Amino acid sequence: ARVPVVAADIPTFREVGGDAALYLPPDDPQAWAAAVSMLSRDERLRTEMIERGLQRAGALTYRRTAAATLSVLRSAAAAGR
């Protein structure tokens, strides 16, 4: 679905989401409500965040992940020799 991403502000989500998400404290329901409300009203921001999300998703393919994982494993194997 073409929707903007709102995520908890934790390192794992930031690593995956990059600049394609709005990050909020996981324990602040008012901040979450405000973000969802803002995105529902601000068409320009909503469209920008959706486009960023689509670009980010395109960069995170299984093929790229597998290639990066293989590279790390090869480096670790070479270092262990």
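To keep things clear, this report deals only with the structure shown in the data block. Just so it is clear, the structure is predicted and the values come from calculations on it, not from any experiment.

## Structural notes on the overall build of the chain
Working step 1: Regarding its fold elements, the chain presents four helices and two strands.
Working step 2: Along its sequence from the N terminus, the chain presents helices and strands in the succession β-α-β-α-α-α.
Working step 3: In terms of C-alpha radius of gyration, the chain reaches 17 Å, well past the compact-globule figure of 12 Å for 81 residues.
Working step 4: Dimensions of the chain, computed from C-alpha atoms along their principal axes, come out at roughly 55 × 25 × 15 Å.
Working step 5: Scored against the burial criterion, the 81 residues of the chain give a buried share of 19%.
Working step 6: Put simply, of all contacts in the chain between residues at least 6 apart along the chain, 44% involve residues at least 24 apart.
Working step 7: Roughly 6,200 Å² of accessible area belongs to the chain as shown, and the carbon and sulfur atoms make up 59% of that amount.
Working step 8: Computed over 11 positive and 9 negative side-chain charges, the separation of the two mean positions in the chain equals 12 Å.

## Re helix H2 (residues 29-41)
Working step 1: Taking 1.5 Å of rise per residue, 13 residues should cover 18 Å, and H2 covers 18 Å from first to last C-alpha, within 8% of that figure.
Working step 2: Elements that come into contact with the buried residues of H2 comprise strand S1 (5-8), strand S2 (21-24) and helix H3 (43-59).

## With respect to the environment of Arg-64
Working step 1: Mapped onto the elements of the fold, Arg-64 is located in helix H4 (residues 62-79).
Working step 2: Among the residues examined, Arg-64 registers a relative accessible area of 52% and is labelled exposed.
Working step 3: Taking the C-alpha atoms as reference points, Arg-64 and Val-3, 61 residues apart in sequence, are found 24 Å from one another.
Working step 4: Dropping the residues within four chain positions of it, Arg-64 is found in contact with Gly-58 and Ala-59.
Working step 5: Among the polar contacts listed, one links the side chain of Arg-64 to the backbone oxygen of Ala-59, at a separation of 3.5 Å.

## Regarding the pairing of S2
Working step 1: Side-chain alternation along S2 places Ala-21 and Tyr-23 on one buried face and Leu-22 and Leu-24 on a second face that is also buried.
Working step 2: Where S1 meets S2, four bridges bridge the pair, whose relative direction is parallel. Paired with Val-5 across the bridge in S2 is Ala-21.
Working step 3: Once the chain exits S1 it traverses helix H1 (residues 11-17) before rejoining the sheet at S2, and the crossover so formed is right-handed.

## Things to note about the packing of H2 against H3
Working step 1: Packing of H2 against H3 leaves a shortest axis separation of 5 Å and a crossing angle of 100°. As the angle between them shows, H2 and H3 are arranged roughly perpendicular. Seen from H2, the contacting residues are Met-38, Leu-39, Ser-40 and Arg-41; seen from H3, they are Glu-43, Leu-45, Arg-46 and Met-49.

## Some words on the layout of surface pockets
Working step 1: Size it by volume and the largest pocket reaches roughly 180 Å³.
Working step 2: Counting residues per element, the ones that place at least two in the lining of the largest pocket are S1, H1, S2 and H3.
Working step 3: Partitioning the lining of the largest pocket into residue classes produces nine nonpolar, two polar and one charged.

Rules of the game
Residues numbered from 1 in each chain as written. Predicted model: local features only at pLDDT ≥ 70, side-chain atom pairs only at ≥ 80, totals over all residues. Heavy atoms only, no water. Helix = DSSP H or I, 4+ residues; strand = E, 2+ residues; numbered from the N terminus. Rg over C-alpha atoms; globule rule 2.2 N^0.38 Å. Buried < 20%, exposed > 50% of the residue type's maximum accessible area, 1.4 Å probe, protein only. Contact = heavy atoms within 4.5 Å. Areas by Shrake-Rupley, 256 points an atom, 1.4 Å probe, with all protein chains shown as cover. Lys, Arg positive; Asp, Glu negative; His and termini not counted. Charge placed at Lys NZ, Arg CZ, Asp CG, Glu CD. Expected span 1.5 Å × (residues − 1). Polar contact = N/O pair within 3.5 Å; in protein donor to acceptor, adjacent residues only side chain to side chain. Pairing = 2+ DSSP bridges. Right-handed = clockwise from strand over helix to strand, strands pointing away. Axes fitted to C-alpha atoms, helices over the stretch in contact; angles between N-to-C directions. Parallel < 35°, antiparallel > 145°, perpendicular 65-115°, else oblique. 1 Å grid on protein atoms, 1.4 Å probe; cavity = no way out; pocket = protein on both sides within 12 Å on 5 of 7 lines; lining within 4 Å. Points joined across faces, edges and corners; volume = space filled by probe spheres on them. Nonpolar A, V, L, I, M, F, W, Y, C, P; charged D, E, K, R; others polar.

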